[in-house]
Amino acid sequence: MATYDTLNAEQYEAVTTTEGALLIIAGAGSGKTRVLTHRTAYLIEEMGINPYNIMAITFTNKAAAEMRERIDQMVGFGSESIWVTTFHSTCVRILRRFADRIGFDTSFTIYDADDQKQVMKEVCKSLEIDTKIYKEKMFLNVISSAKDTLTDPTEFALSATGDYARQRQAQVYREYQAVLKKNNAMDFDDLIMKTVELFKADLEVLDYYQERFKYIMVDEYQDTNTAQFELIRLLAGKYGNLCVVGDDDQSIYKFRGANIKNILNFEQYFPQAKVIKLEQNYRSTQNILDAANHVIAHNIGRKQKALWTEQDAGEKIHFKQFDTAYEEADYVAVDIEKQVRAGGSYSDSAVLYRTNAQSRMFEERFIQENIPYKLVGGVNFYARKEIKDILAYLKTIDNAKDDLAVKRIINLPKRGIGAASINKVQTFANEQEMSFYDAARIAEEIPGLGRGAAKITPFVTFIQTMRSKAKFLGVAELIRNIIADTGYVRELEAENTPEADARIENIDELISKAVSYEESTEAPTLSGFLEEVALVADIDDVVEGSDYVVLMTLHSAKGLEFPNVYLAGMEDGLFPSYMTIISDNSEEEMEEERRLCYVGITRAMKRLTITSAKMRMVRGETRFSKVSRFVSEIPMHLMNGTVATGKSIPKQVQEQKTSPYANTAKQILRSKPAAPVPIKVFSTEATNQMSLSYHEGDRVQHIKFGEGTVLSIVAGGRDFEVTVDFDRFGTKKMFASFAKLKKV
DNA sequence: CCTACTACGCTTTTT
DNA sequence: GCGTAGTAGG
């Protein structure tokens, strides 16, 4: 049984207002997840609502998983029948069941950004568009925003009259959709748009889901786009019990179609709507909140609110300006060490920046200092070449309906099947109106293919063999079979480069992912695995009890909190970005950047450090910048700021930057940092040492320092502290989970 | 058909 | 500065 007396007055009201439309404006750190979970419990326990009729919808898998866990804890019986998912997986589930009612096969495939670009290339070619002038990406952006606003190709064309460029775009849009349809595929935006289309076209289906989801809750509502708004409006259309939670000040995804009007005009869409503001913050000190409040107050189009806390003023905000980005990273590294020595842990700290490119400097410095870190974001794991290759094999084995996947691997490894042969097969497939793979299966019958057919047949045989194996092998075992039979990993091993090693590591990680999928799923299937992977942005192996500094962009930081935060690279031109400053509607875009700054500041619980550099390398050229305008929006009296005196770059460091070890440093950067060892598993010192592959006195290999001898292994608070005497670098202490030492 | 070199692109990006 | 994609030449 849940208790509600720990809630404050506004939270309590939000929890107990169960009927009708409800807008909860939840400031940063005001306990909105708590409200949502308590509200769910309240609906079931106090209002007697069937859990089956409740839906909680979020944007990220991570947010959904977190909500699921907290709801499970609180609700107990029946909690598994509550629908807690992301927008996209909701739509996939609906479409997998009813997509045939809008002319799709329910086994449609989902195209990611990479696939979209591939399709767009085809489209541009067939429409004879010069991609040197009109970029594929531009068309994809245009199409994506059209879909975000539920504009179909016909409507788009209508709005394009008299504008040649837009007419051309309309043509591309139409053709792009035709190719997707032909491939029985949908892109991410289609998932939402087609579901709306389905609801509008088939009232029976709509009614079915309206009856199912009588109580709907939407998290991060400020990030919904027009299509998503329409989706939930339709779902809530019958019972009208719609509760949305958001913070207009944290809307940072306008560039992806988020429509801030959804939250600003909620009361117009739902005139009976009740509005509750949560302004008490339970996260940060008063100084941090004051800084955030002052910055965000510079925005005009927002709902008035001010965060307050019962906490003390706390530390002042630290501000430092450095000469170079290197000194900035150096300062942050040293400061983190200082915090840890003072009794903190690494996981208390996070470094936040505007662009992913900024992470490199910190990574290099952290490796040198032996600071364990975890990089969040960057290149999406599932978008990596080697992963997409293996997945293309799996897709082809599962059902070869995805032409793109088949074409990707038909000549990988090299089977002597070139562009000419592939084109002939494709042409034949188009003529016969069959899939590319089906055409390849009867390669002998394709006119003009000649000797090419003899090269295609073994490939088809291989897939057919794998297909029969797939019936009794698990996914992980199937992947192992694929890499063994194709020699994929063997080829990489032969390359013997750090890059190739990193790719092999990634493939191993995919296998682990498959293993954990099989373990965690009741009836694991190949299709099921592919489905899960298609809707996951990145593998998130946050190990409980692990200890590392987190590095990520401000965008990724939304929804998180850390005791000690560094906002790095606070420079005009970087943050706010140059693009924003020179933009045509600079005013509006500046407000979005400012909201991003607000998000950054409000991540900090106790300690906030803002840093900037006068000089920084951006895309190979040195750039000089002033301190970000956002810094001057923070009142001076809240800051404890100095401009660092021109300390020059230490010589040793300059040497290291161009040292022969630069390559190995690169290798570390390329592969994902090793998942830190969870401590709870080991209890005694004996098992500690047994769990490592080396012991005291062993010779070990370190990726940067080379070979050395292990002097001691000590079970430190959270990890094993290993002392190694390196042949060339002397004695170093390092954490076992981070140093990746290998016995030699 | 395969390889090696050049050229281009580049803010953020929950799916 | 870096990584991928496209193309010229073998």
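Anything mentioned here points back to the structure above.
We now turn to the structure provided with this report. (Residues numbered from 1 in each chain as written. Chains lettered and ligands numbered in written order. Predicted model: local features only at pLDDT ≥ 70, side-chain atom pairs only at ≥ 80, totals over all residues. Heavy atoms only, no water.)

All right, on to the overall build of chain A then. Counting its regular elements, chain A contains 33 helices and 21 strands. Burial status across chain A gives 53% buried among its 744 residues. Looking at chain A as shown, the accessible area adds up to about 33,500 Å², and 52% of this sits on carbon and sulfur atoms. (Helix = DSSP H or I, 4+ residues; strand = E, 2+ residues; numbered from the N terminus. Buried < 20%, exposed > 50% of the residue type's maximum accessible area, 1.4 Å probe, protein only. Areas by Shrake-Rupley, 256 points an atom, 1.4 Å probe, with all protein chains shown as cover.)

Under the defined criterion, the tally for this structure stands at 22 aromatic pairs. On the basis of an interplanar angle of 45 degrees and a centroid distance of 6.4 Å, the ring pair of Tyr-134 and Phe-139 is categorised as tilted. Among the residues examined, Tyr-134 registers a relative accessible area of 35% and is labelled partly exposed. Plain terms: the ring middles of Tyr-209 and Phe-213 are 6.1 Å apart, the flat faces sit at 15 degrees to each other, and that makes the pair stacked. You'll find Tyr-209 and Phe-213 in the same group, each marked buried. Sitting over the ring of Trp-83, Arg-93 keeps its end group 3.8 Å from the ring centre. Between Arg-96 and the ring centre of Phe-108, over which it is positioned, the NZ or CZ distance is 4.1 Å. (Phe/Tyr/Trp six-rings, centres within 6.5 Å; stacked < 30°, edge-to-face > 60°. Lys NZ or Arg CZ within 6 Å of the ring centre and 35° of its normal.)

Moving on, we come to the nonpolar core. The biggest cluster of nonpolar side chains holds 67 residues, and the ones touching the most others in it are Met-120, Leu-191, Phe-199, Val-218 and Phe-266. Setting aside chain neighbours within four positions, we find Phe-266 in contact with Ala-21, Leu-22, Leu-23, Tyr-221, Leu-242, Val-244, Lys-261 and Ala-273. Listed in part, the 55 residues of the second largest apolar core include Leu-391, Ala-439, Ala-453 and Val-460. (Core = buried A, V, L, I, M, F, W, Y, C linked by side-chain atoms within 4.5 Å. Contact = heavy atoms within 4.5 Å.)

With 17 residues, helix α15 (residues 325–341) extends 24 Å between its outermost C-alpha atoms, agreeing within 8% with the 24 Å of an ideal straight helix rising 1.5 Å per residue. Extensive coverage of α15 is indicated by the burial of twelve of its 17 residues. For α15, the set of buried residues is Ala-325, Tyr-326, Glu-327, Glu-328, Ala-329, Asp-330, Tyr-331, Val-332, Ala-333, Asp-335, Ile-336 and Glu-337. A positive phi of about 110 degrees marks Gly-343, the residue just after α15. (Expected span 1.5 Å × (residues − 1).)

Taken N-terminus to C-terminus, the directions of helix α9 (residues 188–201) and helix α11 (residues 226–235) make an angle of 35 degrees; their axes are 9 Å apart at the nearest point. Note on packing geometry: the crossing formed by α9 with α11 is left-handed. Across from Ile-192, Thr-195, Val-196, Phe-199 and Lys-200 in α9, the residues of α11 making contact are Ala-227, Gln-228, Glu-230, Leu-231, Leu-234 and Leu-235. Taken together, the residues that form the contact of α9 with α11 break down as seven nonpolar, two polar and two charged. (Axes fitted to C-alpha atoms, helices over the stretch in contact; angles between N-to-C directions. Left-handed = near helix turned anticlockwise from the far one by under 90°. Nonpolar A, V, L, I, M, F, W, Y, C, P; charged D, E, K, R; others polar.)

As a packed pair, helix α4 (residues 87–98) and α11 sit with axes 12 Å apart at the nearest point and diverge in direction by 60 degrees. Taken as axis vectors, α4 and α11 run oblique relative to one another. Here α4 and α11 pass one another in a crossing that is left-handed. Only Gln-228, Leu-231 and Ile-232 of α11 make contact with α4, whose side of the interface consists of Phe-87, His-88 and Cys-91. Taken together, the residues of the contact of α4 with α11 sort by class into four nonpolar, two polar and no charged. (Parallel < 35°, antiparallel > 145°, perpendicular 65-115°, else oblique.)

That bond from Leu-412 to Pro-413 is cis: its omega, 5 degrees, falls within 30 degrees of zero. Looking at where Pro-413 falls in the secondary structure, it is placed in the loop between α18 (403–409) and α19 (419–432). Cis geometry is found at the peptide bond from Phe-575 to Pro-576, where omega equals 5 degrees. Along the chain, the position of Pro-576 falls in the loop between β13 (562–567) and α27 (578–582). Positive phi values are uncommon outside glycine, yet Asn-184 reaches one of about 50 degrees. Looking at the secondary structure, you find Asn-184 in the loop between α8 (164–182) and β5 (185–187).

Further remarks concern the side chain of Asp-219. With respect to the secondary-structure elements, Asp-219 resides in the loop between β6 (215–218) and α11. Here Lys-32 takes part through its side chain, which lies 3.4 Å from a polar atom of the side chain of Asp-219. For Asp-219, the residues in contact, after removing those within four places along its chain, are Lys-32, Leu-36, Ile-57, Thr-58, Phe-59, Met-67 and Val-245. (Polar contact = N/O pair within 3.5 Å; in protein donor to acceptor, adjacent residues only side chain to side chain.)

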